[in-house]
Amino acid sequence: MDRDAAGAILSVDLEAFQANYRTLDAASGGAICGAVVKANAYGLGLGPAAKALHAAGCRHFFVAHLGEGEALRAILDDVEIQVLHGANRGTEDRFRTARLFPVLNSLDHVEAWRESGGGPAGLHLDSGLSRLGLSDCEIETLAREPERLAGIDIRLISSHLASSEDRDAASNPEQRARFEARRALLPPAPASLAASSGVFLGPEYHYDMVRCGIALHGVNPTPDRPNPMRQVVTLTAKILTVREIDPGEGVGYGLTWRAPARRRIATVSMGYADGYIRALGNVAEAAIQGRRVPVVGRISMDLITLDVTEVPSCALGFGAPVEMLGPTISLDELATAGGTIAYELLTGLGARLHRAYVGEVDA
Ligand SMILES: *Cc1c(COP(=O)(O)O)cnc(C)c1O
C-alpha cells in the first residue's frame, strides 16, 4: 500500500532499531546477540529489519518457519539462520538448499533430520515451559543412545524462559538449573537461554548466545525499571471527517459512547482490520500534535472515532495525522489498555498499512 493510498502509516525508525541492537549486544556481555525476526520481523517488515540488523553487525538470526527462513536467506547470504520449529518431514532438502538450521524439538525431529542425512542443527530443550523442546525422558534417551545424534552437527543447545520479564520469578533460576543439568547429558555445544528480557537477568543467563526480538522494537524488556530501549514504531492514521455532535448523541456501532455535552468527533481511516484491536474501543487514547485524545465508541473494521473537542481545529484538517502509537502513546501503554501485550499488537499490524522506513539500508 503506497503512502497516498493507505489510510494509515507505520513508520519504522531503523536507526533506533539498530541502536537497540547495539544496546542489547552490549548488555549481553561476551555472548553473541542473535536476532529473532519471525512473523515478518514482528510486523515491521522482514527485509528492512534484517538489512538494518545486518548493517548493525548481527550475523545470527532466528525465524519460526521454513518459509520465513527461505525469505530471509534471499535477503542475507552471510548469516546463520535457525528455524525454531524445526523441519517438517519432506522439507529437509529445502533446509540444506537455503542453508537453514532446523531447531530439533523432539526425538522425532532428531530422527527425521538424521535419516535425511543430518548436518548442522540446533537442539531445543524443555526446561519448564512445556511447549517445545526435548523432554527429560527424550534427553535421557539421547544420553543413553548417542548414536541417535550420529551425523548431526549440534550448533546450539537452547531453551526458553517462561517468565523472564519478572526478575523475581522463581521459575527463572529453576529453569536455569534444569537447563544446566540437561545440557550436561548431551554432547558439548554452545548454549542459549535468554530472549530479550533474559538478557537483563544477569550474565549467568547469557551463555554463548542470546535471542532478542521484542526489545529491538523498543518494548521495555525490564517492565519494573525505566525502558533502556529507543522507540522504533509510530503509527499515524489520517483524519477522514470531523463533526460536531449534540449532548446525548451516540458514537459508533451499538452507540456505546454518548456525548456528555456538545462534542467534536474525528473519524480516522484505520480499524481492527489493520491491527488496532477492537478491545481498544472506549479505553485507548491517541494523540494529535502531542495532545492526548480519547478513542470513543467501538473500533470498526476500518474506522476509529476520537473525541477531539480539546484540539484546535487547525490540527483537524482533512488528512491530518493522528498518532495512534508513537512518542506519546507507547506500545506498552496501548497493549495494557487493550488487555494484551506489545507482541500481539505489533505482530497484528496489518498489510493495509503503508510501511515507511527511516534510515533504510542496503544489505
Ligand atoms: C520469539 C522467541 C524469542 C524472542 O523473544 P523476545 O521476548 O521477543 O525477545 C526467543 N526465543 C524463542 C524460542 C522464541 O520463540
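Check the entry above for the structure.
So, here's what we can say about the structure. Since this is a predicted model, take the numbers as computed values, not measurements. (Residues numbered from 1 in each chain as written. Predicted model: local features only at pLDDT ≥ 70, side-chain atom pairs only at ≥ 80, totals over all residues. Heavy atoms only, no water.)

Details of the packing of helix H3 (residues 46-55) against helix H4 (residues 66-75)
Their axes nearest at 10 Å, the elements H3 and H4 cross at an angle of 55 degrees. One finds that H3 runs oblique with respect to H4. When the axes of H3 and H4 are compared, the crossing they make is right-handed. Residue-level contacts link Leu 46, Gly 47, Ala 50 and Lys 51 of H3 to Glu 68, Ala 71, Leu 72 and Ile 75 of H4. For the contact of H3 with H4, the residue count by class is 5 nonpolar, 1 polar and 2 charged. (Axes fitted to C-alpha atoms, helices over the stretch in contact; angles between N-to-C directions. Helix = DSSP H or I, 4+ residues; strand = E, 2+ residues; numbered from the N terminus. Parallel < 35°, antiparallel > 145°, perpendicular 65-115°, else oblique. Left-handed = near helix turned anticlockwise from the far one by under 90°. Contact = heavy atoms within 4.5 Å. Nonpolar A, V, L, I, M, F, W, Y, C, P; charged D, E, K, R; others polar.)

Notes on the side chain of His 354
By the secondary structure assignment, His 354 is in strand E18 (residues 354-358). For His 354, a relative accessible area of 15% corresponds to the buried category. Engagement of the side chain of His 354 in a polar contact is seen with the backbone oxygen of Met 1, the distance being 2.7 Å. Engagement of the side chain of His 354 in a polar contact is seen with the backbone nitrogen of Arg 3, the distance being 3.4 Å. The residues touching His 354, leaving out its near neighbours within four places in the chain, are Met 1, Asp 2, Arg 3, Ala 6, Ala 8, Ile 9 and Leu 10. (Buried < 20%, exposed > 50% of the residue type's maximum accessible area, 1.4 Å probe, protein only. Polar contact = N/O pair within 3.5 Å; in protein donor to acceptor, adjacent residues only side chain to side chain.)

With respect to unusual backbone geometry
Backbone geometry places Ala 41, a non-glycine residue, at a positive phi of 50 degrees. Relative to the assigned elements, Ala 41 resides in helix H2 (residues 38-42). Judged by relative accessible area, Ala 41 falls into the buried class, the value being 0%. Within the chain, Tyr 42 stands out as a residue other than glycine whose phi angle is a positive 55 degrees. Mapping Tyr 42 onto the fold places it in helix H2.

What about the sheet that holds strand E8 (residues 191-192)?
Hydrogen bonding along the main chain pairs the strands of a sheet, whether they run parallel or antiparallel. Pairing is parallel in the open sheet, where 8 strands are placed in the order E8-E7-E6-E5-E4-E3-E2-E9. The strands lining the two open edges of the sheet, one partner per strand, are E8 and strand E9 (209-212). Across 2 bridges, the pairing between strand E5 (residues 100-104) and strand E6 (residues 119-124) is parallel. Counted as the bridge partner of Leu 104 is Leu 123 from E6. The strands touched by helix H6 (residues 107-115) within the sheet are E5, E6 and strand E7 (152-158), with E5 carrying the most contacts at an inclination of about 145 degrees. (Pairing = 2+ DSSP bridges.)

As for the site of the ligand
Among the 13 residues in the neighbourhood of the ligand, the closest are listed as Lys 38, Tyr 42, Ser 196, Ile 214 and Tyr 343. Between the ligand and the protein, one listed contact pairs an oxygen atom with a side-chain N or O atom of Tyr 42 at 2.5 Å. In the environment of the ligand, an oxygen atom lies 2.8 Å from a nitrogen or oxygen atom belonging to the backbone of Ile 214. With the chains in place, 90% of the 390 Å² that the ligand exposes on its own is no longer accessible. A majority-of-atoms criterion places the ligand in the largest pocket. Partitioned by chemical class, the residues of the shell around the ligand number 7 nonpolar, 3 polar and 3 charged. (Near = heavy atom within 4 Å. Areas by Shrake-Rupley, 256 points an atom, 1.4 Å probe, with all protein chains shown as cover. 1 Å grid on protein atoms, 1.4 Å probe; cavity = no way out; pocket = protein on both sides within 12 Å on 5 of 7 lines; lining within 4 Å. Sits in = over half its atoms within 2 Å of the grid points.)

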